[in-house]
Amino acid sequence: MSGGFHLKYEVPGDDFTRAGEASGAVKKRLKALGFDQNAIRRVSIAMYEAEINMVIHANGGYCDVDIYPDRVDIVLVDSGPGIPDVEKAMQAGFSTAPDNVRNLGFGAGMGLPNIKKYTDEMRIETELGVGTKLYLSVHVNNDKD
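These figures come from a predicted structure and were not determined experimentally.

Participant: Break down the environment of glycine 4 for me, citing the residues and quoting the values.
Facilitator: Assignment of secondary structure puts glycine 4 in the segment before β1 (5-12). Along the sequence, glycine 4 and isoleucine 52 sit 48 residues apart, while their C-alpha atoms lie 26 Å from each other. Sequence-distant contacts of glycine 4, that is, excluding residues within four places in its chain, are made with Ile67 and Tyr68.

As structure tokens, then:
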């Protein structure tokens, strides 16, 4: 593969049955392109966690995915309430998910920590009342777990 591919996906809000459609589509594309299985797994996990966060906290949004031979770059954008305390949100187990979401098995406070764990680069831009942008990059042939 020379150059890269650009993909764009909408992430519907408040619909847990559709959360994961974007990460599933990207996983399928990466497999078709012959990407390393570990890189595919890491991209899939990070994107799924981010999609779930967008559904729980931000009423959805969109994600842009750029696929290059050596990496996958992902930008997820929402117009939700923003993250009041990013440092706290990055702590494993910290969650602001409501009880009805927790009762569905989501909102355990592992989303952002897992995203960080499975990506090589992660940056959060957030503004209260405006929304959040999450920048992720997964490098191919990196055995990070």
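Let's pick the thread back up.
Participant: Mind laying out unusual backbone geometry, listing which residues take part and the relevant values?
Facilitator: In the Ramachandran plot, asparagine 59 falls in the positive-phi region, its phi being about 55 degrees despite a non-glycine side chain. Inspection of the secondary structure puts asparagine 59 in the loop between α2 (37-58) and β2 (60-67). Judged by relative accessible area, which is 51%, asparagine 59 ranks as exposed.

Participant: Tell me about the environment of arginine 42, residues and numbers included.
Facilitator: In this fold, arginine 42 is placed in helix α2. With 75 residues separating them along the chain, arginine 42 and lysine 117 place their C-alpha atoms 8.8 Å apart. A polar atom in the side chain of arginine 42 sits 3.3 Å from the backbone oxygen of histidine 139.

Participant: Now, about the packing of helix α1 (residues 21-32) against α2: what can you tell me, with residues and values included?
Facilitator: When two helices pack together, you describe them by how their axes are tilted relative to each other and by the distance separating the axes. In the contact formed by α1 and α2, the axes pass within 8 Å of each other and the chain directions differ by 165 degrees. The orientation of α1 with respect to α2, classified from their angle, is roughly antiparallel. Where α1 crosses over α2, the handedness of that crossing is right-handed. Mapping the contact onto sequence places Glu21, Ala22, Ser23, Val26, Lys27, Leu30 and Lys31 in α1 and Gln37, Ile40, Val43, Ser44, Met47, Tyr48 and Glu51 in α2. Classifying every residue of the contact of α1 with α2 by side-chain character gives 7 nonpolar, 3 polar and 4 charged.

The rules behind the values
- Residues numbered from 1 in each chain as written.
- Predicted model: local features only at pLDDT ≥ 70, side-chain atom pairs only at ≥ 80, totals over all residues.
- Heavy atoms only, no water.
- Helix = DSSP H or I, 4+ residues; strand = E, 2+ residues; numbered from the N terminus.
- Contact = heavy atoms within 4.5 Å.
- Buried < 20%, exposed > 50% of the residue type's maximum accessible area, 1.4 Å probe, protein only.
- Polar contact = N/O pair within 3.5 Å; in protein donor to acceptor, adjacent residues only side chain to side chain.
- Axes fitted to C-alpha atoms, helices over the stretch in contact; angles between N-to-C directions.
- Parallel < 35°, antiparallel > 145°, perpendicular 65-115°, else oblique.
- Left-handed = near helix turned anticlockwise from the far one by under 90°.
- Nonpolar A, V, L, I, M, F, W, Y, C, P; charged D, E, K, R; others polar.

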